[in-house]
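Structural description and commentary
So you can see what is in the structure, the chains are spelled out below.
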Amino acid sequence: MDLSVFSSMESEVRSYVRAFPTVFDTARGSTITDEAGRDYIDFFCGAGAVNYGHNHPAIKKDVLEYLASDGIQHALDMATSAKRTFLETFSEVILAPRGYAYKVQFTGPTGANVVEAAFKLARLATGRTGVIAFTHGYHGLSMGALAATANSWFRDAAGAHLGDVVFHPYDGYYGDDIDTVKMLEKLIEDPSSGLDLPAAVIVETVQGEGGVNVASAEWLRALRELCTKHGIVLIADEIQIGVGRSGDFFGFEESGIVPDMVTLSKSISGYGFPLSLLLINPELDVWKPAMHTGTFRGNTVALVSATSALNNFWRDPEFVAGIARRSELVRARIDSIAARYPEHFATRGRGLLQGLVGISDNELAGRISRKSFELGVIVEVSGAHDEVLKLMPALLGDEETLVRGLDVIESAVDAVLAA
Ligand SMILES: *Cc1c(COP(=O)(O)O)cnc(C)c1O
């Protein structure tokens, strides 16, 4: 495969092309095909940006119809029929049935963009500056968001001071016996702890990039209670765990908490188009008109595909049941791999964000990822030391492909451990 133009012209910053060195050409469902005609089963799904698989025919049909009708492509944040239909559908299918009263802000199209908006609004609404983020958290790489991203690889590239964020241990950071919300409560309530009352706390209910760390429902409820008690804005970063990855639409639903703000990006458009939304408790929506703006907010094609995904999947209880069945298949398989090699692996995860954690050697997950790629499966690593093989297959599709992907990963594990 000729990758020379990428290595000669594209910046050294390129990343995934190094892990998966081929030229991808077409994709359908969970299968991606490279220029040589080789098929790969996708257990990565664009880090959660294509949760419904690639080029789903039902969404494609709606997008093609919209394009063919000369539907408006760019309108800043003027009213469009595409946006009206999206807002009405999002309210009817997602917000209203869950009793959520959120207002919706269309931010710039990346995940980092919506995190920036959340921080600005939380600071504006509270008149305070501090944000509490958690160890191993990932919230994007623009300066405001990067300040809340824990990984030193990314922080060291900032080139300027990253301020106004304090990191606190995530659930389980010191083991199961230490309640880190209790610790935070003590710090917040002690006038001599040195911790200023923050504007916001930002949390991933499952940390995707940070190594598939799962916050318990009790921990999240305690965090919600603490934030409510002290008027701290609780922001759930649902960019990776949201839109079905956890098994529910939102990762926080299982715990019953209602965050004050919710960031959505990655799979909200359903088709890999860039789109981000900030959901806001109406009482905190203190923006003045155009105080936070941007040229590419609420891209209309992405709104059409997002509406299509809500209509095609989220109205159908069978779709949600299917996620649960697929999650069980994945979890059972990685548990059985870990049971075969208990000295090498542990497992953790929720829904279709599952981690096979290399406990004997930080290099293990990377080796399995490379071997899986050789054998025809795309699967990423995550975690502070890249020690977690992160399995993120599509939320739907035929079970046979899913099982075939799991077979390949298991063969890769066997091959790497035999080597
Ligand atoms: C990917 C991600 C982001 C950043 O999104 P970008 O589109 O890459 O800026 C933020 N938070 C979480 C939880 C993510 O997974």
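**What about the domain arrangement of the chain?**
Looking at the chain, the domain boundaries give domain 1 (23-55 + 317-400) and domain 2 (60-314). Distance between the C-alpha centres of domain 1 and domain 2: 24 Å. Taken together, the contact pairs 30 residues of domain 1 with 29 residues of domain 2. For the pair domain 1 and domain 2, the summed buried surface comes to about 2500 Å²; carbon and sulfur atoms form 53% of the total. Glu254 is paired through a salt bridge with Arg350; the nearest N and O atoms lie 3.7 Å apart. Along the contact surface separating domain 1 from domain 2 lie 19 residue pairs in polar contact (both at pLDDT 80 or more). Within the residue set of the side of domain 1 that touches domain 2, elements represented by two or more residues are α3 (45-48), α12 (317-340), β13 (345-350), β14 (353-358) and β17 (388-391). If one sorts the elements of the side of domain 1 that touches domain 2 by residue count, α3 sits on top with 4 residues.

**Some details on empty space enclosed by the protein**
One pass over the structure, following the stated rule, counts 2 cavities of 30 Å³ or more. What the largest cavity holds in volume is close to 100 Å³. Within the lining of the largest cavity, the residues separate by chemical class into 5 nonpolar, 7 polar and 2 charged. Sorting the residues of the lining of the second largest cavity by element identifies β3 (39-42) and α14 (399-418) as the ones contributing at least two each. Class assignment for the residues of the lining of the second largest cavity results in 6 nonpolar, 3 polar and 3 charged.

**Side note on the layout of surface pockets**
Remark: the empty space left among the atoms is shown by a probe the size of a water molecule rolled over them. For the second largest pocket, the calculated volume is near 400 Å³. Ranked by the residues each element gives to the lining of the second largest pocket, the list is headed by strand β4 (residues 103-106), at 4 residues.

**Notes on the site of the ligand**
All residues adjacent to the ligand are Thr110, Gly111, Ala112, Tyr138, His139, Gly140, Glu204, Asp237, Ile239, Gln240 and Lys266. One of the side-chain N or O atoms of Asp237 is found 2.7 Å from a nitrogen atom in the ligand. At a separation of 2.8 Å, an oxygen atom of the ligand approaches a polar side-chain atom of Gln240. For the ligand, whose unbound accessible area comes to 380 Å², protein coverage reaches 82%.

**Quick look at the sheet that holds β17**
Paired through their backbone hydrogen bonds, the strands of a sheet run either parallel or antiparallel. The strand order across the open sheet formed by 4 strands is β13-β14-β17-β16, and the pairing between neighbours is antiparallel. Two strands lie at the open edges of the sheet, namely β13 and β16 (380-382), each paired on one side alone. In this sheet, neighbouring strand axes are inclined to one another by 30 degrees on average, regardless of whether the strands run parallel or antiparallel. Where β13 and β14 come together, 6 bridges link them in antiparallel fashion. Paired with Ala346 across the two strands is Val357, which belongs to β14. Of the strands in this sheet, β13, β14, β16 and β17 are in contact with helix α13 (residues 364-375), which crosses β17 at around 45 degrees. Of the strands in this sheet, β13, β14 and β17 are in contact with α14, which crosses β17 at around 165 degrees.

**A closer look at the environment of Asp164**
Along the chain, the position of Asp164 falls in the loop between α8 (152-155) and β6 (165-168). For Asp164, a relative accessible area of 46% puts it in the partly exposed group. C-alpha of Asp164 to C-alpha of Ala199: the two residues are 35 residues apart in sequence and 9.8 Å apart in space. Those residues in contact with Asp164 that sit more than four places away from it in its chain are Arg123, Thr129, Gly130 and Val131.

**Structural notes on helix α11 (residues 300-314)**
Between its terminal C-alpha atoms α11 stretches 20 Å, which fits the 21 Å expected from 15 residues at 1.5 Å a residue. For α11, the buried fraction is high: 13 of the 15 residues fall into the buried class. N-capping of α11 is provided by Asn299, with a side-chain oxygen placed 3.2 Å from the backbone N of Val301.

**Notes on the environment of Thr33**
By the secondary structure assignment, Thr33 is in strand β2 (residues 31-34). Its relative accessible area of 17% is what places Thr33 among the buried residues. For the pair Thr33 and Thr22, spaced 11 residues apart in sequence, the C-alpha separation works out to 9.8 Å. Leave out the neighbours within four places in its chain, and Thr33 touches Phe24, Asp25, Thr26, Arg38 and Asp39. Side-chain polar atoms of Thr33 contact the side chain of Asp39, separated by 2.8 Å.

The rules behind each value
- The numbering scheme is per chain: residues are counted from 1 as the chain's sequence reads.
- In view of the model being predicted, local features appear only for residues whose pLDDT reaches at least 70, and side-chain atom pairs are presented and counted only at 80 or more, with totals across whole chains, interfaces and linings using the full set of residues.
- Hydrogen atoms and water are omitted, and side-chain values are computed over all heavy atoms in the structure.
- Residue ranges assigned to each domain were obtained from an automatic or database domain assignment.
- Contacts between residues were defined by any pair of non-hydrogen atoms, one from each residue, lying within 4.5 Å.
- A simple way to read buried area is as the amount of 1.4 Å-probe accessible surface that goes missing from two parts once joined, with both sides added.
- A side-chain nitrogen of Lys or Arg and a carboxyl oxygen of Asp or Glu constitute a salt bridge if their distance falls within 4 Å.
- Nitrogen and oxygen atoms within 3.5 Å of one another constitute a polar contact, given that in protein one can donate a hydrogen and the other can accept it, and given that sequence-neighbouring residues count only through two side-chain atoms.
- Starting at the N terminus, helices and strands are each numbered in turn, a helix being any DSSP run of H or I of at least four residues and a strand any DSSP run of E of at least two.
- Cavity means a closed set of points on a 1 Å grid over the protein atoms alone, one where a 1.4 Å probe fits but cannot get out, pocket means an open set with protein on both sides within 12 Å along at least 5 of 7 lines, and lining means a residue has an atom within 4 Å of a point.
- Grid points are joined across faces, edges and corners, and a volume is the space filled by probe spheres set on the points.
- Residues are grouped as follows: nonpolar covers Ala, Val, Leu, Ile, Met, Phe, Trp, Tyr, Cys and Pro; charged covers Asp, Glu, Lys and Arg; every other residue, Gly included, is treated as polar.
- Residues are counted as near a molecule or strand when any one of their heavy atoms sits within 4 Å of it.
- With residues, only the protein chains shown are counted as cover, and all accessible areas are computed by Shrake-Rupley using a 1.4 Å probe.
- Strands were regarded as paired on the criterion that DSSP finds at least two bridges between them.
- Only C-alpha atoms enter the line fits that serve as axes; for helices the fit covers just the stretch in contact. Angles between N-to-C directions range over 0 to 180 degrees.
- Only protein chains enter the accessibility calculation, which uses a 1.4 Å probe. A residue is then buried if its area is under 20% of the maximum for its type, exposed if over 50%, and partly exposed in between.
- Between the first and last residue of a helix there are one fewer steps than residues, each counted as 1.5 Å, and that sum is the expected span.

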